[in-house]
Amino acid sequence: MFHREGQKIIIITFFLVVAIVLSAHFYIDIEWIKIAVQIAALIFLILILQFFRNPRRLVTPNFDEILAPVDGKVVVIEEVEENEYFKGKRKQVSIFMSPLNVHVTRYAASGTVTYSKYHPGKYLVAWHPKSSTENERTTVVLHTPKFGEIGYRQIAGALARRIVNYAEEGEQVTQGQDAGFIKFGSRVDLLLPLDCDIAVKLGQKVVGAKTCIASIRKEDD
């Protein structure tokens, strides 16, 4: 299953690869060069298909947990001052996606979209500390039943040149639902309340709509 954002690119790539393979067959006489060109074209098609894959993930919404919005590796866990929307301190968990990861963004929790804004910007490498505030990005805030308001940012990286965000203010969304797509290497920041318990560690690999990122803090007995 492939993401709708990749349909046009996949079709164009398919016909381009077919043209290259046929051209190599009829116009390249040296056998090893012909085979090398054809294999390279097929590998390119496979990479495009892999990048736009959209595995189906069944989710039973859990109001007590924030799930990973994307596949990737946790590169930041820290307390930050968030000045765009919350105007105060939040717990930030950042997930870096390599070009080999699934790049679908999924809603980390069920709730109502209260804020959704696109920001043009730079294309610093996604792990750069200033990428959260200076790169091309979208900021989305959800009002959830248990955590109150939580935010996330889709951040373009050095290779990414297009962020797709489906969140619209006032919309009711469900945990695990498709929330957008980021093309090529990129990152997503979660902005969470200070009183939640972070369930992941730095360097941990997470799976979108599967891995628990944070949970409701339990009261001490």
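Glancing now at the overall build of the chain. Of the regular secondary structure elements, the chain holds three helices and 14 strands. Principal-axis analysis of the C-alpha atoms places the extent of the chain at approximately 75 × 35 × 35 Å. The buried share among the 221 residues of the chain stands at 47%. Counting contacts in the chain only where the partners sit at least 6 residues apart, residues at least 24 apart contribute 71% of the total. For the chain, the exposed surface amounts to about 11,600 Å²; the carbon and sulfur share of it is 59%. Across the chain, the mean location of the 27 positive side-chain charges is 5 Å away from that of the 24 negative side-chain charges.

The nonpolar side chains of soluble globular proteins are, as a tendency, buried together. In this structure, Ile 66, Tyr 152, Leu 190, Leu 192 and Ile 213 are the most contacted members of the largest nonpolar core, which totals 30 residues. At the level of secondary structure, the elements contributing two or more residues to this core comprise strand 3 (88-97), strand 6 (137-144), strand 7 (148-156), strand 10 (178-182), strand 11 (186-192) and strand 14 (212-216). Discounting chain neighbours no more than four positions away, the residues touching Ile 213 are Ile 66, Leu 67, Ala 68, Val 93, Ile 95, Leu 190, Leu 192, Asp 197, Ile 198, Ala 199, Val 200 and Val 206. Residues Phe 51, Val 102, Val 104 and Phe 181 belong to the second largest nonpolar core, which totals nine residues.

Moving on to the pattern of salt bridges. Taken as a whole and assessed by the stated rule, the structure comprises seven salt bridges. Taking the shortest distance from any N to any O, the salt bridge between Glu 81 and Lys 89 comes out at 3.5 Å. By relative accessible area, which is 46% here, Glu 81 ends up partly exposed. With relative accessibility at 46%, the residue Lys 89 sits in the partly exposed group. Within the structure, one salt-bridge network assembled from shared partners comprises Glu 82, Glu 84 and Arg 153.

Moving on to the side chain of Ser 116. Looking at where Ser 116 falls in the secondary structure, it is placed in strand 5 (residues 111-119). Polar contacts involving the side chain of Ser 116 include one to the side chain of Asn 165, which spans 2.9 Å. Not counting the four nearest positions on each side in its chain, Ser 116 is found in contact with Thr 139, Val 140, Asn 165, Ala 167 and Glu 169.

On to the state of the cysteines, then. Inspection of the entire model under this criterion finds zero disulfides. In this structure Cys 196 is a free cysteine whose sulfur lies 9.5 Å from that of Cys 212, the closest cysteine sulfur available.

What follows is about the environment of Asn 101. Assignment of secondary structure puts Asn 101 in the loop between strand 3 and strand 4 (104-106). For Asn 101 and Arg 53, which are 48 residues apart along the polypeptide, the C-alpha to C-alpha distance reads 9.3 Å. In contact with Asn 101, other than residues within four places in its own chain, are Arg 53, Asp 71, Gly 72 and Phe 96. Looking at Asn 101, its side chain comes within polar contact range of the main-chain nitrogen of Ser 98, at 2.9 Å.

To continue, consider the side chain of Ser 94. When you line up the elements, Ser 94 lands in strand 3. Classification of Ser 94 by relative accessible area gives buried; the value is 0%. For Ser 94, the side chain forms a polar contact with the side chain of Gln 92, separated by 2.9 Å. Within the local environment of Ser 94, its side chain forms a polar contact with the side chain of Asp 189, the two groups lying 2.6 Å apart.

Within strand 11, seven of the seven residues are buried, which leaves it mostly tucked inside the rest of the structure. With burial as the criterion, each face of strand 11 is covered, one bearing Ser 186, Val 188, Leu 190 and Leu 192 and the other bearing Arg 187, Asp 189 and Leu 191. Here seven bridges tie strand 3 to strand 11, and the two strands are oriented antiparallel to one another. Across the sheet, residue Met 97 finds its bridge partner in strand 11, namely Ser 186.

What the three strands build is an open sheet, ordered 1-14-12; its pairing is antiparallel. The sheet is open, and its two borders are formed by strand 1 (65-67) and strand 12 (196-198), each paired with just one other strand. The sheet shows a mean angle of 25° between the axes of neighbouring strands, direction not considered. Bridging between strand 1 and strand 14 involves three bridges; their strand directions are antiparallel. When the bridges of strand 14 are listed, Glu 65 appears paired with Ser 215.

The rules behind these values
Sequence order as written defines the numbering, with residues in each chain counted from 1. The predicted origin of the model limits local features to residues at a pLDDT of at least 70 and limits the giving and counting of side-chain atom pairs to 80 or more, whereas totals for whole chains, interfaces and linings rest on all residues. Excluding hydrogens and water, the side-chain values take into account all heavy atoms of the structure. Strands here mean DSSP runs of E at least two residues long; helices mean DSSP runs of H or I at least four residues long; both are numbered from the N terminus. Per-residue accessibility, obtained with a 1.4 Å probe over protein chains only, is compared with the maximum for each type, and a residue is labelled buried under 20%, exposed over 50%, and partly exposed between these values. When checking whether two residues touch, look at their non-hydrogen atoms; a contact exists if any pair is within 4.5 Å. Only the protein chains shown count as cover for residues, and the accessible areas themselves come from Shrake-Rupley with a 1.4 Å probe. Only four residue types enter the charge count: Lys and Arg as positive, Asp and Glu as negative, with His and the chain ends excluded. Positions of charges follow a simple convention, taking NZ of Lys, CZ of Arg, CG of Asp or CD of Glu. Take the buried residues of types Ala, Val, Leu, Ile, Met, Phe, Trp, Tyr and Cys, join any two whose side-chain atoms come within 4.5 Å, and each joined set is a nonpolar core. The term salt bridge refers to a side-chain nitrogen of Lys or Arg lying within 4 Å of a carboxyl oxygen of Asp or Glu. A 3.5 Å cut-off defines polar contacts: any pair of N or O atoms within that distance qualifies, except that in protein one atom must be a possible hydrogen donor and the other a possible acceptor, and neighbouring residues in sequence count only when both atoms are side-chain atoms. Note on terminology: disulfide denotes any pair of cysteine sulfur atoms within 2.5 Å. A pair of strands counts as paired when DSSP detects no fewer than two bridges linking them. Note on geometry: axes are lines fitted to C-alpha atoms, helical ones only across the stretch in contact, with angles between N-to-C directions running from 0 to 180 degrees.

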